[in-house]
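# A closer look at the structure
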Amino acid sequence: MDVTIAPSTVAGSAQAPPSKSYTHRAILAAGYADGAVVRDPLVSADTKATMRAVEAYGGSVSLSADERELDVTGFDGRPETPDDVIDCANSGTTMRLVTATAALQDDLTVLTGDDSLRSRPQGPLLDAVEQLDGEAESTRRNGQAPLVVGGGVDGGAVEIPGDVSSQYITALLMAGPVTPEGVDIDLTTDLKSSPYVDITLEVLSDYGVTAERTADGFTVAGGQSYAPTGGEYSVPGDFSSMSYLLAAGALAAEDGLLVTSAFPSAQGDSAIVDILDEMGADLDWDRENGEIEVSKSALSGIEVGVEDTPDLLPTIATLGAAADGVTHITDAEHVRYKETDRVSAMAEELTKMGAEVEEHRDELVVYGEDSDLTGATVDGRADHRIIMSLAVAGLVAEGQTTVTGAEHVDVSFPDFFDVLDSLGASVQR
């Protein structure tokens, strides 16, 4: 599906979708438990992949008619060997988290995904499983899916890098509590995207599981049980998805835009509020009521590191292209290992729209002062975050902007274009 955006103003209010990161973890945690009700989940292509994985391991997942509740019957820490291959589709989070689940069962599980997912690195997690005396191999012996994993690990100590993906650490922290011995994680490099591990620790705590930071990494004791208070868990709003709404407001909401469900949490991407504030946005966050009001503003370029907030790079790049001055996005090399190489993708697609951009291995520099955004046909790269960021750029580009492959917003924000349309944006599908 292609979507065409014309210059527009936006106004009104919009509710942020539920957090994808929290939803993944809540569903799998409910699988590790006897079961639980997950309230206000994000129902998207990615989270459906995690639901399928829980079912493959012997659980069941039932979605209410209004999609406001997931009733999960878990496998109580003892996953069955799946009857078939687990297809994680495009969801890297699913693959990494349930790879560790596969290591808990005695036999072998095969995990695969689409072309993009089969190109993403899994080697450090496979190595960690082997350190725990499990079996873990890449069928092509290149550290990429398809993966074959099993062995019935009992726990132990692992060394693993922290600068490739925090999801490796999350996978081990979630599997560790149901092993007999628990898991000690020694990070061999600095941890990037650490707020995502904070999310994991928060979800574990809400499910009654204790895990801790140590001087060298993390530790989680074995023999624990997952059991949320009252058998329920509620998913907070998603700041990663919210970033596109807030950016749209800062660029195109002449009369203001109110974003709801913006309650504080461990999400690192809540940094978008401080980033917009530093760029000069007219913005106010009512934390108690979970509301952010933002209006069209004259923005200025800043320097911002995305070491802990890689998913914000596309949003920041779009804001930088529409701002005065220069925006330096640093600490960005790990952003190249997402659904696509997001550093190159944003550099190339914003250039098509008339932005002046320099791409370096670990940095993206956007010269807003020399940019004059004009409509173009841009490639969404089958990446939800690229698609939504380019659509926001289209709100302030001269002429029409067509984003290809726009159906991939289904990964994290399925009704994104419906929401834009409801706010007054010119959206043609």
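Please read these numbers as outputs of a predicted model, since none were measured by experiment.

### Section: the overall build of the protein
The secondary structure content of the protein amounts to 12 helices and 24 strands. Over its C-alpha atoms the protein spans a radius of gyration of 21 Å, differing by no more than 12% from the 22 Å that the globule rule assigns to 429 residues. Of all 429 residues assigned to the protein, the portion counted as buried reaches 59%. For the protein, the accessible surface area stands at approximately 15,200 Å², while carbon and sulfur atoms represent 40% of it.

### Considering the pairing of strand 17 (residues 291–295)
Relative to strand 17, strand 15 (residues 257–260) runs antiparallel, the two being bridged by four bridges. Within strand 17, the position partnered with Val259 by the bridge is Ile292. Pairing analysis gives five bridges linking strand 16 (residues 282–286) to strand 17, with the strands arranged antiparallel. Bridge pairing in strand 17 places Trp285 opposite Ile292.

### Quick notes on the sheet that holds strand 5 (residues 69–73)
What the four strands build is an open sheet, ordered 4-5-3-14; its pairing is mixed. Among the strands making up the open sheet, the edge pair consists of strand 4 (60–63) and strand 14 (232–234). Taken pair by pair, the neighbouring strands of this sheet meet at an average axis angle of 20°, ignoring direction. Where strand 4 and strand 5 come together, four bridges link them in antiparallel fashion. Residue pairing for strand 5: Ser62 is matched across the bridge by Asp71.

### Regarding a negative patch on the surface
On the surface, Asp106, Asp107, Asp133, Asp154 and Glu181 cluster together into a patch of negative charge. Relative to the helices and strands, Glu181 resides in the loop between helix 5 (166–175) and strand 11 (183–187). Given a relative accessible area of 56%, Glu181 falls into the exposed group.

### What to know about the nonpolar core
Residues Leu246, Ile292, Leu313, Leu350, Leu364, Phe416 and Phe417 are the most contacted members of the largest nonpolar core, which totals 76 residues. In terms of residue count, the dominant contributor to this core is helix 7 (residues 239–252) (10 residues). The residues contacting Leu313, other than those within four sequence positions of it, are Val306, Ile329, Ala332, Val335, Arg342, Val343, Met346 and Leu364. Of all hydrophobic cores here, the second largest spans 67 residues; its members include Cys88, Leu126, Ala136 and Leu172.

### Concerning the packing of helix 7 against helix 9 (residues 313–322)
One can describe the packing of helix 7 onto helix 9 by two numbers: an axis separation of 10 Å at closest approach and a directional angle of 10°. Taken as axis vectors, helix 7 and helix 9 run roughly parallel relative to one another. Counting all contacts with helix 7, which are made through Ser243, Tyr244, Ala247 and Leu251, the residues of helix 9 involved are Thr315, Thr318, Leu319 and Ala322.

### Re unusual backbone geometry
Negative phi characterises most residues that are not glycine, and trans characterises most peptide bonds. Here the bond from Ala145 into Pro146 is cis, since omega is 5°, no more than 30 degrees from zero. Among the secondary structure elements, Pro146 is positioned in the loop between strand 8 (135–138) and strand 9 (147–150). A positive phi angle, near 55°, is found at Asp76, a position not held by glycine. Mapped onto the elements of the fold, Asp76 is located in the loop between strand 5 and strand 6 (86–87). Within the chain, Ala89 stands out as a residue other than glycine whose phi angle is a positive 55°. Considering the arrangement of structural elements, one finds Ala89 in the loop between strand 6 and helix 3 (92–102). A residue is classified by how much of its surface remains accessible, and Ala89, at 26% relative accessible area, is partly exposed.

About the criteria used
- Residues numbered from 1 in each chain as written.
- Predicted model: local features only at pLDDT ≥ 70, side-chain atom pairs only at ≥ 80, totals over all residues.
- Heavy atoms only, no water.
- Helix = DSSP H or I, 4+ residues; strand = E, 2+ residues; numbered from the N terminus.
- Rg over C-alpha atoms; globule rule 2.2 N^0.38 Å.
- Buried < 20%, exposed > 50% of the residue type's maximum accessible area, 1.4 Å probe, protein only.
- Areas by Shrake-Rupley, 256 points an atom, 1.4 Å probe, with all protein chains shown as cover.
- Pairing = 2+ DSSP bridges.
- Axes fitted to C-alpha atoms, helices over the stretch in contact; angles between N-to-C directions.
- Patch = residues over 30% accessible without salt bridge, like charges linked within 9 Å, V, L, I, M, F, W, Y side chains within 5 Å.
- Salt bridge = Lys/Arg side-chain N within 4 Å of Asp/Glu carboxyl O.
- Lys, Arg positive; Asp, Glu negative; His and termini not counted.
- Charge placed at Lys NZ, Arg CZ, Asp CG, Glu CD.
- Core = buried A, V, L, I, M, F, W, Y, C linked by side-chain atoms within 4.5 Å.
- Contact = heavy atoms within 4.5 Å.
- Parallel < 35°, antiparallel > 145°, perpendicular 65-115°, else oblique.

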